Amino acid sequence: MNFLGRSLTVINDFSVEEQLFLYEKTKLLKQLWKEKKDTSKFQIKKDVGIYIIFVEPSTRTKESFINAAKFHKNAKVNIFDSEHSSFNKKESYVDTFNMLTGYSNYSIFIVRTKLEGTCKYLDEKVYEFTKRHGLEKPSFINAGDGKHEHPTQELLDEFTFLEQLNFDNSYIHIALVGDLLHGRTVHSKANGLKIFKNVLVDLIAPEELSMPIHYVEKMKKNGFEIRLFDSIENYLKNENIAPIWYFTRLQLERMGEDILEKEHVLRNSVTFRKEFLEKLPKNVKFYHPLPRHKMYPTIPTFLDTLPLNGWEEQAINGYWTRTVLLSMLGGALETDLDKKINNIIDEQFIIPANITNGTKGILKEGKRGIKPIENGTVIDHIAKGKSKAQIYETIVKIRKILKLYDIDSADGIFQSQDGNFKGYISLPDRYLSKKEIKKLSAISPNTTVNIIKNSKVVEKYRISLPPYIYGFAELKCKNENCITNPTHGENAEAFFIKNEKGELVCKYCETPHTFEEIWNI
C-alpha cells in the first residue's frame, strides 16, 4: 500500500500502525544521515508539486517544512506568499486550492490557518474537483488549525518520546504543563499517545487554562489514566513524578480579557523555577513545541545547558519526521499494512412502531382538548420528561425549522400516565416528508410521528437521534473559528457525527454539541 492521495488533517487520519511505520522510517533516515550513508530511497521520485501555504504566521513549522520539502530534489516546492494572496482579497479557499491542484500532476498541500477544520474540508471538496476533471487527488497536511490540532507536531513529539524511551512503546508517563485550553499541540495528544500501550497523563494547569473536557474524555476513552494538578508547585508534592514533561506557552492572543487580568498568577503556576530542581527525580526530560515566550518562558533559559533540555533535539526531529511524511505521501515509501478503512455508521433512527387495532387518530387525546383530525400528522412525545418551558421551546423550534405554520394546526403540553410532561403538534391534512421526519429526528429525538388517514393511525414511527446530521441550511457549529461558520464566507456546510455519548461532533473542528445546540435559529 502506498500513501498517495492520503491526507493528515488530524493525527487520527493515520492508524497507530501507520504512525509506528513512520517512526521506524524516521529512525532509519536519521541513522543513515548520521552515518553519512545513502538516503536516496527516501526521496520522492514522482512528479510532485509541494505547496507550503501558511495563512497564519509561523517560522519554525514553516521553515521545517521548507527544508523537509527541499530534501526531495525531484519535487517542485512552491512557497505561498499568503500576505499578498487571494485569501486577503476574500477569495474562496476551495477555488484557490482547486486551481492549484490543476497546475501539477500530483500535489501535496501543507496548510496552516486559524480556521479549524480547513484541511478536512478542503480534502473533501478538492477531491470532488479532481473527480470532475480526471485529476489525481492531492494530499493535505494540517500544519496547525486554530486551537484544534497540529498533527505533524504530534508526529515529531511522539518520535522524540520514543527516542527517550529507547523505542519501547509499552508505557509512557507524561506531564502536560501550561496552556492546555488553547494549546493545539496538547490537544493532538489525546489521540497521538495511543501509540503507547499504557498511558498515564498528568495535566498541570490552573482551572482557567485546563484541558477542554471533551479532550479529557477522549483520553479516558482511549484508556489513558488521567491525573489533574493546578500548578507545578502542587504537582511536585506528589511522589510519582513523570519522566517526560511537555510544556506549552500561554497563548495570550487567544484569551479573553477575564483571563488576561490573571496573567501573572496563571504564568506563575505553570513556569518552572530554580527551587523546583531539587524536587525532580533523575533522568527527567523537558519538551516544548517552541518558540518560547522571550519575556516569560515557561521553561526559563537557565535550563538550556542542563540535562533536562530535550526540546532542542525535539525541534530538530521536526525536520526528520516531516521529511519522512512527505516521502510517504509522495509515494517513495510503501508499507504492507492493511489499508485503513473508516467505519461507516449504519444505524436505523426512524423505526416503524406497532399500531394498536382500532386506534382512532387522536380522538383519545382529543378528550383532553386536542382538536381531532381525520387526515394528517400528529407529532407526539415531544421533549417528554423535560420541564414545561423546555417542551414549549422545543415545540417552537420544531415549528420554526420545519415551517409548520398551517392555519388549523394545534399544539400543547400534556401529562402522561407516568407523570412526565410531553408536547404534541397536530397537523390536519399535512403529511411530513421523509426529509422532514429526518430533520425532526435531529431537532427533537425520541419523538413519535403518527400518520392518520380516515381517523385512524395507519403509520407510526419512533425516531431517535441520527448518526449523521447534515444537509440542512439551519445547521451551525457553535465554534466561531470553525471553517463552517458562516462569518468566514467559505460556504462550508455544517456536518455532525454522533459519538458514543450521544453528542453531536462537528466533522471538521471536532467540537461536541448537544442536539439543541446545532440549530441556528
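Throughout this description, residue numbers start from 1 for each chain and increase along the sequence as written. Since the coordinates come from a predicted model, pLDDT governs what is reported: local features require at least 70, and pairs of side-chain atoms require 80 or more to be given and counted, while whole-chain, interface and lining totals use all residues. Only hydrogens and water are set aside when side-chain values are computed; all heavy atoms of the structure are taken into account.

### Let's talk about the overall build of the protein chain
Okay, so step 1: Put simply, DSSP marks the helices as runs of H or I at least four residues long and the strands as runs of E at least two long, and each gets a number from the N terminus on. Counting secondary structure elements, the protein chain contains 15 helices and 19 strands.
Okay, so step 2: Taken along its principal axes, the extent of the C-alpha atoms in the protein chain is 85 × 60 × 45 Å.
Okay, so step 3: Think of it in three bands: with a 1.4 Å probe and only protein chains considered, a residue is buried below 20% of the maximum accessible area for its type, exposed above 50%, and partly exposed in between. Going through the 521 residues of the protein chain one by one, you find that 54% of them count as buried.
Okay, so step 4: Any pair of residues with heavy atoms lying within 4.5 Å of one another is described as a contacting pair. Partitioning the contacts of the protein chain with sequence separation of at least 6, the portion at a separation of at least 24 is 75%.
Okay, so step 5: Counting every atom, the protein chain has about 24,800 Å² of accessible surface; 49% of that belongs to carbon and sulfur.
Okay, so step 6: Only four residue types enter the charge count, namely Lys and Arg as positive and Asp and Glu as negative; His and the chain termini do not. In plain terms, the charge of a residue is placed at NZ if it is Lys, CZ if Arg, CG if Asp and CD if Glu. When the 75 positive and 69 negative side-chain charges of the protein chain are each reduced to one mean point, those points stand 3 Å apart. Only the protein chains shown count as cover for residues, with accessible areas throughout obtained via the Shrake-Rupley method and a probe of 1.4 Å.

### Looking at the pairing of strand β8 (residues 244-247)
Okay, so step 1: A two-sided burial pattern is seen for β8, the buried positions comprising I244 and Y246 on one face and W245 and F247 on the other.
Okay, so step 2: Here 4 bridges tie strand β5 (residues 172-177) to β8, and the two strands are oriented parallel to one another. Among the inter-strand pairings, I174 is bridged to a residue of β8, identified as I244.
Okay, so step 3: Bridge analysis of β8 against strand β9 (residues 285-287) gives 3 bridges, and the strand direction is parallel. Paired with W245 across the strands is F286, a residue of β9. Criterion used throughout: strands pair if DSSP finds at least two bridges between them.

### Overview of the nonpolar core
Okay, so step 1: Only buried Ala, Val, Leu, Ile, Met, Phe, Trp, Tyr and Cys residues count toward a nonpolar core, and they belong to the same one when joined by side-chain atoms within 4.5 Å. L176, V201, W245 and F286 are the most contacted members of the largest nonpolar core, which totals 84 residues.
Okay, so step 2: Top element by residues in this core is helix α12 (residues 311-329). It accounts for 7 residues.
Okay, so step 3: Setting aside chain neighbours within four positions, we find L176 in contact with V186, K189, V201, D202, L203, I204, M211, M219 and Y246.
Okay, so step 4: By size, the runner-up hydrophobic cluster in this structure holds 55 residues, among which are L404, Y461, I463 and C482.

### Focus: the packing of aromatic side chains
Okay, so step 1: Pairing of aromatic rings covers Phe, Tyr and Trp, the last counted by its six-membered ring, and requires centre-to-centre distances within 6.5 Å; plane angles under 30 degrees mean stacked, over 60 mean edge-to-face, and any other angle means tilted. Scanning the model with the defined rule gives 24 aromatic pairs in all.
Okay, so step 2: Centroid distance F3 to F14: 5.9 Å. Interplanar angle 45 degrees. Geometry classified as tilted. With F3 in the segment before α1 (16-34) and F14 in the segment before α1, the pair connects residues that are 11 residues apart, well separated along the chain.
Okay, so step 3: Considering the side-chain rings of F3 and F21, the 6.1 Å spacing of their centres and the 20 degrees angle between planes classify their relative orientation as stacked. One end of the pair, F3, is in the segment before α1; the other, F21, is in helix α1, and 18 residues separate them in sequence. Comparing F3 with F21, the two get one shared label, buried.
Okay, so step 4: Charges are assigned to positions over rings by a cutoff of 6 Å between ring centre and Lys NZ or Arg CZ, combined with an angular limit of 35 degrees from the ring normal. In this structure, K189 packs its charged tip against the face of Y246, placed 4.0 Å from the ring centre.
Okay, so step 5: Taking the ring centre of F495 as reference, the NZ or CZ of K507 above it sits at 4.2 Å.

### Quick notes on the sheet that holds strand β18 (residues 504-506)
Okay, so step 1: Spatially, 4 strands are ordered β16-β17-β18-β19 in an open sheet, and the strand pairing comes out antiparallel. The open sheet has two edge strands with one neighbour each: β16 (468-470) and β19 (512-513).
Okay, so step 2: Sheet topology places β18 next to β19; 2 bridges connect them, and they run antiparallel. Directly across from V505, in β19, lies its bridge partner P512.

### Notes on the packing of α1 against helix α5 (residues 151-164)
Okay, so step 1: Each axis is a line fitted through C-alpha atoms, and for a helix only the stretch in contact is used; angles between axes span 0 to 180 degrees, taken between their N-to-C directions. Contact geometry of α1 with α5 gives a least axis separation of 10 Å together with a crossing angle of 70 degrees. Relative to α5, α1 is oriented roughly perpendicular. Of the two elements, α1 crosses α5, and the hand of that crossing is right-handed. Within the contact between the two elements, α1 uses Q19, L22, Y23, T26, K27 and K30 and α5 uses E154, L155, E158, F159, L162 and E163.
Okay, so step 2: Grouping the constituent residues of the contact of α1 with α5 by class yields 5 nonpolar, 2 polar and 5 charged. Here is the rule for angles: anything less than 35 degrees is roughly parallel, anything more than 145 is roughly antiparallel, 65 through 115 is roughly perpendicular, and the remaining ranges are oblique. Left-handed describes a crossing in which the near helix is turned anticlockwise from the far one by less than a right angle; the clockwise case is right-handed. Three categories are distinguished: nonpolar for Ala, Val, Leu, Ile, Met, Phe, Trp, Tyr, Cys and Pro, charged for Asp, Glu, Lys and Arg, and polar for the others, with Gly belonging to the last.

### Some words on the pattern of salt bridges
Okay, so step 1: Note on definitions: salt bridges are taken to be side-chain nitrogens of Lys or Arg within 4 Å of carboxyl oxygens of Asp or Glu. Summed over all chains, the structure comprises 27 salt bridges.
Okay, so step 2: The shortest N-O distance in the salt bridge between E128 and K125 comes to 3.3 Å. Here E128 pairs with K125, and both are found in helix α4 (residues 118-133), just 3 residues apart, close to one helical turn.
Okay, so step 3: Accessibility expressed as a relative area gives 34% for E128, which makes it partly exposed.
Okay, so step 4: The exposure class of K125 is partly exposed, given its relative accessible area of 26%.

### Considerations on the sheet that holds strand β11 (residues 376-382)
Okay, so step 1: Here we have 6 strands laid out as an open sheet, ordered β10-β15-β14-β11-β13-β12, and antiparallel in their pairing. The sheet terminates laterally at β10 (350-352) and β12 (410-415), the two strands that pair on one side only. This sheet shows a mean twist of 25 degrees between the axes of neighbouring strands, independent of strand direction.
Okay, so step 2: Sheet topology places β11 next to strand β13 (residues 421-428); 5 bridges connect them, and they run antiparallel. Bridging across to β13, V378 finds its partner in S426.
Okay, so step 3: Strand contacts of helix α14 (residues 388-402): β11, β12 and β13, with the helix running at about 25 degrees to β13, the strand carrying the most contacts.

### Description of the confidence of the model for the protein chain
Okay, so step 1: Mean pLDDT over the protein chain stands at 90; residues scoring 70 or higher make up 92%.
Okay, so step 2: For every residue, the pLDDT score states the predictor's confidence, bounded by 0 at the bottom and 100 at the top. Counted against residues more than four places away or in other chains, residues 357-369, with its pLDDT under 50, gives 23 contacts.

### Focus on the packing of helix α3 (residues 93-101) against α4
Okay, so step 1: Here α3 crosses α4 at 50 degrees, and the two axes come no closer than 9 Å. Put simply, α3 runs oblique to α4. In the crossing of α3 with α4, the sense of the turn from one axis to the other is right-handed. Residues Y93, V94, F97, N98 and T101 of α3 form the contact with α4, whose own contacting residues are T118, Y121, L122, K125, V126, F129, T130 and R132.
Okay, so step 2: Residue composition of the contact of α3 with α4, grouped by class: 7 nonpolar, 4 polar and 2 charged.

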